[in-house]
Amino acid sequence: MPAAPRLVAALADRYAFERELGQGGMATVYLADDLRHQRKVAIKVLRPELAATIGPDRFFREIRIAAQLQHPHILPLLESGETEGFLFYVMPFVDGQSLRDRLAKTGELPVHEAVKLLTEIVDALSYAHARGVVHRDVKPDNVMLSGRHALVMDFGVAKAVSEASGRNQLTTAGVALGTPAYMAPEQAAADPNLDHRVDIYAVGAMAYELLAGRPPFVGGTPQQVLAAHVTQAPDPVTRYRPGISAALEAVIMRCLAKRPADRFQTADELLAQLEPLVTPSGGMTPTSTRPIEGWRRERGRRLWPVIAAAGAVGIAAIAWAMRPSESAAEPLQVDQTQLTFTGNVHAPSLSSDGRRIAFAERRCDSTGLCKLDLVVKDAAGAGSAVLAPDAINVWGTGWTGDDRYIVFDASFDEDWGCYSIPVLGGQRRHLGRGACAHLGNGDTTLVTWANPGDTLAWVRRVGTATGAVYDSVSIPIAGDAFPVVKPTFDGRWLVIGEWRGRGSTITIADRSGAVRDSLVSPVAGYWTFDPVPGSHTFIGLSDDITGRSLATLLKHRIDDDGTIGPADTLIRQIESDQVMISRNGDMLIGSGPRETSVYAFTWDGRSTGSMRMQRLARMTSVQVTGSISNDGRQLFLVRDQGTDGSELRQMSLMPFDSGPERFIGSPARALDWDWGAPDIYIATRAGDSVDVGMLDLTTGRIRHRRSFPGQEYAWLEGIPTGGAVVASTLGRRLHLIDRPGVRDTTIEPPAHAGVIFSAEPSPDGKELATVGWLPGEDSLGVHIFRLADGSMRRVAVLFGENLETPRWLPDGTLLVPVQETRWTEALYRVSTRGGQPERLGTLPLMTASHRFSADGKRGIIRALEQNTDVHVVRGFAQLVNGRP
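Residues numbered from 1 in each chain as written. Predicted model: local features only at pLDDT ≥ 70, side-chain atom pairs only at ≥ 80, totals over all residues. Heavy atoms only, no water.

Some words on the overall build of the protein
A tally of helices and strands in the protein yields 13 helices and 60 strands. Looking at the protein as a whole, 58% of its 884 residues qualify as buried. Within the protein, contacts between residues at least 6 apart in sequence are counted, and of these 53% link residues at least 24 apart. By element, 49% of the accessible surface of the protein is carried by carbon and sulfur atoms, the whole surface being about 33,900 Å². (Helix = DSSP H or I, 4+ residues; strand = E, 2+ residues; numbered from the N terminus. Buried < 20%, exposed > 50% of the residue type's maximum accessible area, 1.4 Å probe, protein only. Contact = heavy atoms within 4.5 Å. Areas by Shrake-Rupley, 256 points an atom, 1.4 Å probe, with all protein chains shown as cover.)

And the structure:
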């Protein structure tokens, strides 16, 4: 509702009201322009009946005290006043959401994020309590989120209301005094001697909700909730969130003690217990992993290099579990130091002198759109500066040998590839499309480039400051992945990596591009690698292909003739695929918890519509994915069985609206699955082959239909009208199987369609909508393939990191999910007749995969919640070089 005309007129010389932001039990909030200071503000206007009860004198007395609070995690009070019978106060406008909004959107929070926010909230309360100010209404609604930080607001307001109305009343003029879900027992029992310990109880209740997705007590009426606070013991929080540590649970349950004397006696005391739990080791229970399996080596083969664009998923917690290979007697002993504390950090690198760190930092706006800023920070914490803002994505950063420039792999609105920028600030320079790695001096950068389908990767020497190309060599590759090249520190050898599904290859070439040796992994994948200063040695991070991405750090020595030595296991139980060794020998690791959740959702299909989310499961060590039936009535869920990478998965059915989950048969070695009405089509591992068949939803048996060589199988998509599309030879050949009344069909789309990584048949079965990378371009294409004559037409070109499976809608258009950035997923409507795609909006989660019902209004989403900070291990190269 618009603000009262009398109020607008009375404040017209100072504030221009724009719109209402929201209403609460005590006030209505409006967005306004501060005309004098040219800034946005939020004006809270007390409800008229409440303002009459309090009176201006008491209101100003309490507000005056609150206005003196100046703290990084307290939303400051800019002004207060009384006009035309209205009592109001003014605060800065925070372009973000409240903690209540965050909970409503996602349910319980990742543990690391919850503890970090609680620490900031308690820090604010400690500051206020030391100045005699008790909040009395601590709750998620009174915590704003600015970026990744908490701002507590409304100090003094609850006290003004309760003092004016009398402590022995729950409500006055229909207004709740305090919020029942967070009220301490003495507050609920109308004890006249309330003190700061009511805030500590409220923090415990809020922490319980952040982690469990519900407050400690719920009831049909406020009176029932208040009675429970006084008379009932709360369930242990681990009943609803088994994964949290015993230390964190103990802190929460002590805050919720019935007697004030049994709680933490000060916010400082509580803060001292929370701060050690901010690190991943404090909040999460570590999970063990199996030892890495053996490796097969092949000489002289030119195989695929690893994509060095992996994102951070954190190291395993607590003790670093750093062990040498079986032949060594003593484990490596290292000391680690945390350098960043925001949880938003990606692609870090350390300067040659170890004094500064470069990284990309995530920044999201109120719509959910996230961009990355390239930041340089003093490693000791003295300060930081943004060098290059608004990147769509940043894959890696590095420093020149003289520390004058940073080279980084990134994409911006206008282009993507390798960039350089002066450390002291200046214009970024595009060095070419491809991945970059810096040579030892300050002048030269290597830029590696290959188009999809190429058999040669080009490695160019480029001037870091000028972009001038000095020379270029070619290296043979398999041609199906983007190669990454890193030189050894003496510049003699090129270490080339390429990811290949469940495995990868590391190749050694000399400076002319001639291949000397290759190492092939059939089981795990090298996700990142770095040369070690002072030797012909490189470190590889091998992924165990587990639900938690637990991995092993391996050391390889390069002999004088370019031969790769055997692997020496240095570290096990790393939960990160982001490792970098700097030129001074220190090692950086991206560290932080990653949790995966599965949600069911409904959506009205309009660009102005909103999604209603319901979490079905959340995991830290076990993956859950699934699909939805075409009528939107049933969900098909698939759970990993353990974290040993065995591909053994348990399947189940669950009604979309309500009802129990029903498990189907025994676990199977499932690779991919989807609903092709009325059957579930599933691809399973069978020795060296992949079998595609139909799952009997009653018995769990799989009726075999077709086999594909394991190295050729790519993906499977169900057909809404029945049957499935199976891709082989990395998306270059499509097989349509088991369509009612139609023979199996194999088609080879034309080369201009690119590498297809998803296809969806039309409801009438006459056309395929395909999505994939366009050959020789940096864009994503949507094509329509006619089965009758084999013709193909392009209907849209979209820009982003990836495309998901399109869905044909009843009106004949396509719903196409686009991963626009690493953290942002959007939905587009694409006309099959061509024309400008319509952006419908941003999905509310960092989405890993999703499936839609036939009408596009129901679906299932697997979302990632990830926080990453950077740790440094000083002198790591000396430890590595000292080992055999």
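What to know about the packing of helix α5 (residues 111–130) against helix α8 (residues 197–212)
The angle between the axes and the distance between the axes are what describe a pair of packed helices. The interhelical angle for the contact between α5 and α8, taken along N-to-C directions, is 165 degrees, at an axis separation of 10 Å. Judged by the inter-axis angle, α5 sits roughly antiparallel to α8. As α5 runs across α8, the sense of the crossing is right-handed. On α8, the residues touching V111, A114, L118, I121, V122, L125 and H129 of α5 are D199, V203, M206, A207, L210 and L211. (Axes fitted to C-alpha atoms, helices over the stretch in contact; angles between N-to-C directions. Parallel < 35°, antiparallel > 145°, perpendicular 65-115°, else oblique. Left-handed = near helix turned anticlockwise from the far one by under 90°.)

Description of the packing of helix α10 (residues 246–255) against helix α11 (residues 267–274)
Direction vectors running N to C along α10 and α11 enclose 160 degrees, while the axes themselves pass 10 Å from each other. Judged by the inter-axis angle, α10 sits roughly antiparallel to α11. Regarding α10 and α11, the two cross each other, and that crossing is left-handed. For the pair formed by α10 and α11, the contact residues are V251, R254 and C255 on the first element and E269, L270, Q273 and L274 on the second. Looking at the contact of α10 with α11, its residues break down into four nonpolar, one polar and two charged. (Nonpolar A, V, L, I, M, F, W, Y, C, P; charged D, E, K, R; others polar.)

What to know about the nonpolar core
By size, the foremost hydrophobic cluster in this structure holds 58 residues, and its most contacted members are L99, F155 and L270. Listing elements by their share of this core, those giving two or more residues are α4 (99–106), α5, β7 (143–146), β8 (149–152), α8, α9 (222–231), α10 and α11. Residue contributions to this core peak at 12 residues, all from α8. Residues in contact with L270, not counting those within four places in the same chain, are V122, I200, V203, V251, C255 and F264. Counting 20 residues, the second-largest nonpolar core is a separate cluster that includes V29, I54, L151 and M153. (Core = buried A, V, L, I, M, F, W, Y, C linked by side-chain atoms within 4.5 Å.)

A closer look at α10
Those residues of α10 that sit buried are L248, E249, V251, I252 and C255. For α10, the angular spread of buried residues about the axis comes to 160 degrees, placing them on one side. (Arc of directions from axis to C-beta.)

Brief notes about the pattern of salt bridges
A complete count under the given rule lists 34 salt bridges for this structure. Across the pair D415 and R433 runs a salt bridge whose closest N-O atoms are separated by 3.0 Å. Residue D415 is located in the loop between β18 (405–411) and β19 (416–422), and its partner R433 is located in the loop between β20 (429–432) and β21 (435–438); the two are separated by 18 residues in the primary sequence. Given the relative accessible area of 31%, R433 is considered partly exposed. Measuring nitrogen to oxygen at the nearest pair gives 2.7 Å for the salt bridge that ties D674 to R851. One end of the pair, D674, is in strand β41 (residues 662–676); the other, R851, is in strand β58 (residues 846–852), with 177 residues separating them in the sequence. For R851, a relative accessible area of 16% puts it in the buried group. Each of E767, R786, D789 and R793 takes part in one network of salt bridges that share partners. (Salt bridge = Lys/Arg side-chain N within 4 Å of Asp/Glu carboxyl O.)

Re the environment of Q187
Following the sequence through the fold, Q187 ends up in helix α7 (residues 185–188). Since its relative accessible area comes to 13%, Q187 is described here as buried. Residues Q187 and V198 lie 11 residues apart in sequence; the distance between their C-alpha atoms is 7.1 Å. Aside from chain neighbours lying at most four places away, what touches Q187 is R136, L194 and V198.

Regarding the sheet that holds strand β4 (residues 79–83)
Spatially, five strands are ordered β1-β2-β3-β5-β4 in an open sheet, and the strand pairing comes out antiparallel. Either end of the sheet is taken by a strand with one partner, and the two such strands are β1 (15–23) and β4. Across the sheet, the mean angle from the axis of one strand to that of its neighbour is 30 degrees, orientation sign disregarded. As defined by bridge partners, β1 adjoins strand β2 (residues 27–34) across seven bridges and the pair is classed as antiparallel. Paired with A16 across the bridge in β2 is D33. Seen against the sheet, helix α3 (residues 56–67) touches β3 (39–46), β4 and β5 (86–92) and runs at an angle of roughly 175 degrees to β4. (Pairing = 2+ DSSP bridges.)

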